[in-house]
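Geometric and topological summary
What follows is the residue order along each chain.
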Amino acid sequence: MTGKFITLEGMDGAGKSTHISHIIQRLEAQGHEVVSTREPGGTALGEKLRELLLHESMHAETETLLMFAARREHIHQLIAPALARGAYVLSDRFTDATYAYQCGAKQVELAKIQLLEQWVQADLQPDITLLFDVPVEVSLSRLATARAPDKFERENAEFFTRIRHTYLQRAKENPARFRVIDADKPLEVVKKSVEDIISTL
Ligand code: TYD
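Residues numbered from 1 in each chain as written. Predicted model: local features only at pLDDT ≥ 70, side-chain atom pairs only at ≥ 80, totals over all residues. Heavy atoms only, no water.

1. A look at the overall build of the chain
Counting secondary structure elements, the chain contains eight helices and five strands. The C-alpha radius of gyration of the chain comes to 16 Å, within 12% of the 17 Å expected for a compact globule of 201 residues. In terms of its C-alpha atoms, the chain occupies a principal-axis envelope of roughly 45 × 40 × 35 Å. Relative to its full complement of 201 residues, the chain shows a buried share of 49%. Across the chain, contacts joining residues at least 24 apart in sequence account for 79% of those joining residues at least 6 apart. Total accessible area computed for the chain in this model is approximately 9900 Å², and 53% of it derives from carbon and sulfur atoms. On the chain, the mean spot of the 25 positive side-chain charges and the mean spot of the 29 negative ones are 1 Å from each other. (Helix = DSSP H or I, 4+ residues; strand = E, 2+ residues; numbered from the N terminus. Rg over C-alpha atoms; globule rule 2.2 N^0.38 Å. Buried < 20%, exposed > 50% of the residue type's maximum accessible area, 1.4 Å probe, protein only. Contact = heavy atoms within 4.5 Å. Areas by Shrake-Rupley, 256 points an atom, 1.4 Å probe, with all protein chains shown as cover. Lys, Arg positive; Asp, Glu negative; His and termini not counted. Charge placed at Lys NZ, Arg CZ, Asp CG, Glu CD.)

2. Observations concerning the packing of helix 4 (residues 95-105) against helix 7 (residues 157-173)
In the contact formed by helix 4 and helix 7, the axes pass within 8 Å of each other and the chain directions differ by 135 degrees. Between helix 4 and helix 7, the crossing angle belongs to the class labelled oblique. Note that helix 4 runs across helix 7; the crossing there is right-handed. Every residue of helix 7 that contacts helix 4 at D96, A97, Y99, A100, Y101, G104 and A105 is listed here: F159, R162, I163, T166, Y167 and R170. Its residues assigned to classes, the contact of helix 4 with helix 7 comprises eight nonpolar, two polar and three charged. (Axes fitted to C-alpha atoms, helices over the stretch in contact; angles between N-to-C directions. Parallel < 35°, antiparallel > 145°, perpendicular 65-115°, else oblique. Left-handed = near helix turned anticlockwise from the far one by under 90°. Nonpolar A, V, L, I, M, F, W, Y, C, P; charged D, E, K, R; others polar.)

3. Focus: the site of the ligand
Close to the ligand lie 16 residues, the nearest being D12, R93, T98, Y101 and Q102. The contact in question runs from an oxygen atom of the ligand to an N or O atom on the side chain of K16, over 3.2 Å. Take R50: an N or O atom from its side chain is 3.1 Å from an oxygen atom of the ligand. Out of a free accessible area of 550 Å², the ligand has 88% covered by protein chains. Where the shell around the ligand is concerned, the elements lending two or more residues are helix 2 (44-55), helix 3 (60-84) and helix 4. Class assignment of the residues belonging to the shell around the ligand gives a composition of six nonpolar, three polar and seven charged. (Near = heavy atom within 4 Å. Polar contact = N/O pair within 3.5 Å; in protein donor to acceptor, adjacent residues only side chain to side chain.)

4. Topic: the environment of F178
Within the element layout of this structure, F178 appears in strand 5 (residues 178-182). Along the sequence, F178 and S17 sit 161 residues apart, while their C-alpha atoms lie 18 Å from each other. With residues near it in sequence (within four places) discarded, F178 still touches D96, T129, L131, R170 and A171.

5. Topic: the packing of aromatic side chains
A complete count under the given rule lists four aromatic pairs for this structure. Here the aromatic rings of Y101 and F152 are separated by 5.7 Å at their centres, their planes lie at 90 degrees, and the arrangement is edge-to-face. With Y101 in helix 4 and F152 in the loop between helix 6 (136-143) and helix 7, this pair connects stretches of sequence that are 51 residues apart. Residue class for Y101 comes out buried when judged on its relative accessible area of 4%. For F152, a relative accessible area of 6% puts it in the buried group. Between F159 and F160, the ring centres sit 5.7 Å apart and the planes meet at 85 degrees, which makes this aromatic pair edge-to-face. The buried category is assigned to F159, whose relative accessible area is 4%. We note R71 situated over the ring of F94; from NZ or CZ to the ring centre the distance is 5.2 Å. The ring of Y99 has R170 sitting right over it, with the charged end atom 3.7 Å from the ring centre. (Phe/Tyr/Trp six-rings, centres within 6.5 Å; stacked < 30°, edge-to-face > 60°. Lys NZ or Arg CZ within 6 Å of the ring centre and 35° of its normal.)

Listed below in structure tokens is the structure:
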């Protein structure tokens, strides 16, 4: 028995978090066990690493290594066992975020990230990835009202432009896995797009 691995991605301020509880509800209504989690984080150790990753400044490669260290633990403790028992795992971010933020925006070498991905995940990949896409200005204006922005949320337009570009590029390269959602539309419209995707799973 194997479950399904669903990931949510997008720039900070794209609004993905707004949809999580609704997605859980829909999947549970379809009779699935749903395990909702996030990265960095998802385990006790991962949540400690998240604190460091979101608030301490560090070399971009240190950041990459810590993201994958947290991910190794996440897969071992939570993701793999849940999938093995047939659950649906819904993760708020996964490795596409490392490609977008550490490689696309912070210029960590692609080959290094690919190597870590292979090491940590072997052949584990999400079955489906919902990419919440908004123009950079929209993301920045939403973040301007955030109360206690973390270190990523304080970055500039150029940084977010590179993130958006990398995400869209990855979506183009993996069309079977990605669903790109125009998250600049009114909330009800975005919600409907998400529902349509979930109902096809
Ligand atoms: P985010 O998912 O936006 O959480 P919240 O909605 O609570 O702010 O925050 C996680 C941050 O971590 C986000 O800015 C992206 C960053 N991140 C990376 O840079 N690389 C990664 O591999 C992951 C998983 C996240």
